[in-house]
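Commentary on secondary and tertiary structure
For reference, the chains in residue letters:
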Amino acid sequence: GHTNLKSPQDIQVYVVNTNFTLRWNYTGNDANVTFSAEFEDFEPNETEWKKLPGCQNVTVTECDFSSAITKYYDTHHVRIRAERREEVSSWSSIFEMIPSLIAQIGPPGIELQSTNGVIKIKVSPPEANQVRKMWLDQSSFRYNLIIWENSSNAEFRSKNIFPTDIIDDLAPDTTYCLKVQATLPLDFQEGLFSPVHCVKTTHKAVNDLLCATNVSVLALNMKFHLHWNNQYKQHVSYNVQYLIGYLKTLHDDYSVKWINVAGCENITDTQCNFSSIITTTGFYYLRVQAMNEYNKSCLSNEVKVDPLITNEIGPPDVKVDISDMLLHIQISPPGGSESEVMTDHYDLSYRLLYWKNSSNTEEEIKTKEIKQTIGTVSDLTSATLYCVKVQAFSEVYNKSSPYSKEKCIKTPGDKILPLIILATFATALIAVCLVATPLVFALYQAYNKIKYVFFPSCQPPLNIEGFGPQLFSSPYLPTTEELVENCSVIEPIITEEVNQIDFKDYQHSKQSSRDSGNYSNDDDTSGSKASEETLEKEIV
């Protein structure tokens, strides 16, 4: 029927962890008005409105209905109306909600302990003591601490802490106040701060000389070394220990989970290579345990190692070559070709600097950026010395390496001049051949003639030489038969018998000389003399 009651307005639901509060405004001036709410949770085959437990016949403008909601990821509708005895108002507008989307993170729990000049803090997750939890993964929480001196001119400091942590760098005998907030970074959610806690610091004990000091990490190309200082004057040995950083994010006690680094146990050096424990999937904490001959030990301060952030990138190696007036640059990634971590995780790029290496100091240095490990530079000048150096860098981690050593190479000269020289030489060679060939042929013919005339290859027999030099003064003398005919001059004086005898003897001597060819000059001469004497006797 008709009613004068106004409906509630501005319906809101506030959720902190699993605590649900319904709030609204009422503008009516009616006395003795109460309020009742209903909800529906869209269960399968059930869409009817039900009374909201904790929000029936309330006299204020808010109510707690935490016990009514158990499904935090489902959609719920809520409505409310005003009531006075038998009179009721119309229902308010419907408020729709998904609890997990509107819930706020509640304040965490805190425990503090002041000792040795520091404050030890232990943080409990927001729903540590609750059976029902809005936040199922308690390890996802991160904690933000705000701390300040309890004074009139306090300076607030903020830092991220682990569930179990130590707050140092504090003044002794000073009261500090702090509060802690839980956050879910992946969901971009920030919770409510805890109540403020205050505690007074103590004096810090005198430094134990046995402890390692100035612990630091040097890392280059994923090779990690821990360094520290020794201030103990007697014999001391060291154990390097590490803790997987993830364990600190848990709410368990991690003090018994430190592990010795293999190869860094009972050493006397003040450095250690701990690359063997490093992976790129997490972060680590390292510390140094010092022990003297009396088995007394002391732990150093911890240092955090986030491998890809702590590591520094070294310079790459470079090789250069030139072909077809192109400068080819081959790059070896930092750490060598076997270091896949450097290439894959840093997503390296390379910055090339190249310039003409000449006496002109104003030569422009040109830059080129590439992703590959092979680069090419064109537009080169012939017969020019070019120098190159390369830098590796990662945009993802905002890191860059030093530049590599300079590599220089000279471009080849022009190809036209060598071709001209080659053509000139070939032309000259052909001309020389054309001129020299007839000249050599003529000289050769002349040589053969001279040799044939003055230096014959055949010599006359020795028995012919004995007839006297006057008979052989020329190579064109008549034959031996013509010599016999010359003897006929004395034919009228000599008798026929003598002629015949002499002629036979001479023919016989000639035949013997031809057959043997080996008579000496003396024999021929004596033979000639005997013939002459015989002829003289016959004439007488």
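Conventions adopted
Residues numbered from 1 in each chain as written. Predicted model: local features only at pLDDT ≥ 70, side-chain atom pairs only at ≥ 80, totals over all residues. Heavy atoms only, no water. Helix = DSSP H or I, 4+ residues; strand = E, 2+ residues; numbered from the N terminus. Contact = heavy atoms within 4.5 Å. Polar contact = N/O pair within 3.5 Å; in protein donor to acceptor, adjacent residues only side chain to side chain. Buried < 20%, exposed > 50% of the residue type's maximum accessible area, 1.4 Å probe, protein only. Pairing = 2+ DSSP bridges. Axes fitted to C-alpha atoms, helices over the stretch in contact; angles between N-to-C directions. Core = buried A, V, L, I, M, F, W, Y, C linked by side-chain atoms within 4.5 Å. Domains from an automatic or database assignment. Disulfide = S-S within 2.5 Å. Salt bridge = Lys/Arg side-chain N within 4 Å of Asp/Glu carboxyl O. Patch = residues over 30% accessible without salt bridge, like charges linked within 9 Å, V, L, I, M, F, W, Y side chains within 5 Å. Areas by Shrake-Rupley, 256 points an atom, 1.4 Å probe, with all protein chains shown as cover.

By the naming in an unreviewed UniProt entry, the protein goes by INAR1 protein and is assigned to Bucorvus abyssinicus.

Attention now moves to the environment of Lys368. Looking at the secondary structure, you find Lys368 in strand E29 (residues 366-370). Sequence separation of Lys368 and Tyr350 is 18 residues, and the distance between their C-alpha atoms is 8.2 Å. Sequence-distant contacts of Lys368, defined by excluding residues within four places in its chain, comprise Tyr350, Arg351, Leu352, Tyr354 and Thr376. A distance of 2.5 Å separates a polar side-chain atom of Lys368 from the backbone oxygen of Thr376.

Next up on the list: the side chain of Thr183. The topology assignment puts Thr183 in strand E15 (residues 175-184). What makes Thr183 buried here is its relative accessible area of 13%.

In space, the 4 strands of this open sheet follow the order E5-E2-E1-E9, with mixed pairing throughout. The sheet is open, and its two borders are formed by strand E5 (62-64) and strand E9 (103-104), each paired with just one other strand. As paired strands, strand E1 (residues 9-16) and strand E2 (residues 19-25) are joined by 6 bridges and run antiparallel to one another. When the sheet's bridge partners are listed, Val15 is paired in E2 with Phe20.

Further remarks concern the sheet that holds strand E26 (residues 317-323). Within the open sheet, the 3 strands sit side by side as E26-E27-E30. Their pairing is antiparallel. Of all the strands in the sheet, the pair left with one neighbour each is E26 and strand E30 (374-377). The sheet shows a mean angle of 20 degrees between the axes of neighbouring strands, taken without regard to direction.

A separate point is the pairing of E30. Look at any regular strand and the pattern is simple: side chains alternate between the two faces of the sheet. Here E30 shows a clear split, with Gly375 and Val377 buried on one side and none of Ile374 and Thr376 buried on the other. Judged from the 4 bridges that link them, strand E27 (residues 326-332) and E30 form a sheet pairing that is antiparallel. Residue pairing across strands places His328 opposite Thr376, the latter belonging to E30.

Let us now look at unusual backbone geometry. Despite not being glycine, Asn17 shows a phi value in the positive range, around 55 degrees. With respect to the helices and strands, Asn17 occurs in the loop between E1 and E2. For Asn17, a relative accessible area of 4% gives the class buried. The phi angle at Asn221 is positive, at roughly 55 degrees, despite the residue not being glycine.

On to the nonpolar core, then. Taken as a class, soluble globular proteins show a tendency for nonpolar side chains to be buried jointly. In terms of nonpolar packing, the biggest core is built from 50 residues, with Leu226, Trp228, Phe274, Leu286 and Ile329 touching the most fellow members. Structurally, this core is a two-domain feature, drawing no fewer than three residues from each of domain 3 (213-310) and domain 4 (317-410). With residues near it in sequence (within four places) discarded, Leu226 still touches Val215, Ser216, Val217, Val240, Thr270, Gln271, Cys272, Phe274, Leu286, Val288 and Val303.

The subject of this paragraph is the state of the cysteines. What makes a disulfide is a covalent bond joining the sulfur atoms belonging to two cysteines. By the definition in use, this model includes 5 disulfides. A sulfur-sulfur distance of 1.9 Å marks the disulfide that ties Cys55 to Cys63. An S-S torsion of about 95 degrees defines the bridge between Cys55 and Cys63 as right-handed. Owing to a relative accessible area of 1%, Cys55 belongs among the buried residues under this scheme. Here Cys264 pairs with Cys272 through a disulfide, and the sulfurs are 1.5 Å apart. One quick way to see it: the torsion about the S-S bond of Cys264 and Cys272 is about 70 degrees, and its sign makes the bridge right-handed. The pair Cys264 / Cys272 is uniform in exposure class, with both members buried.

Turning our attention to the pattern of salt bridges. Opposite charge on two side chains permits them to pair, given that their charged atoms come into close proximity. Summed over all chains, the structure comprises 9 salt bridges. Close ionic contact of Glu38 with Arg79 constitutes a salt bridge, the shortest N to O distance being 2.8 Å. Taken as a pair, Glu38 in strand E3 (residues 34-40) and Arg79 in strand E6 (residues 76-84) lie far apart in primary sequence, 41 residues in all. In this structure, Arg84 and Glu87 form a salt bridge, with 3.0 Å as the shortest nitrogen-oxygen distance. Judged by relative accessible area, which is 21%, Glu87 ranks as partly exposed.

Okay, a nonpolar patch on the surface next. Residues Ile450, Tyr452, Val453, Phe454 and Phe455 make up a contiguous nonpolar surface patch of about 640 Å² in total accessible area. Looking at the element boundaries, Phe454 is found in helix H5 (residues 416-454). According to the relative accessible area criterion, Phe454 is exposed, its value standing at 60%.

Inspection of the secondary structure assignment puts Ser89 in the loop between strand E7 (87-88) and strand E8 (95-97). Overall, the relative accessible area of 5% leaves Ser89 in the buried class. In terms of polar contacts, Ser89 uses its side chain to reach the backbone amide nitrogen of Ala82, at 2.8 Å.

What follows covers the environment of Gln231. Structurally, the position occupied by Gln231 is in the loop between strand E19 (223-229) and strand E20 (236-244). Given the relative accessible area of 27%, Gln231 is considered partly exposed. Gln231 sits 23 residues away from Asp208 along the chain, and the two C-alpha atoms are 9.3 Å apart. Ignoring any residue separated from it by four or fewer positions in sequence, one finds Gln231 in contact with Asp208, Leu209, Cys211 and Thr213.

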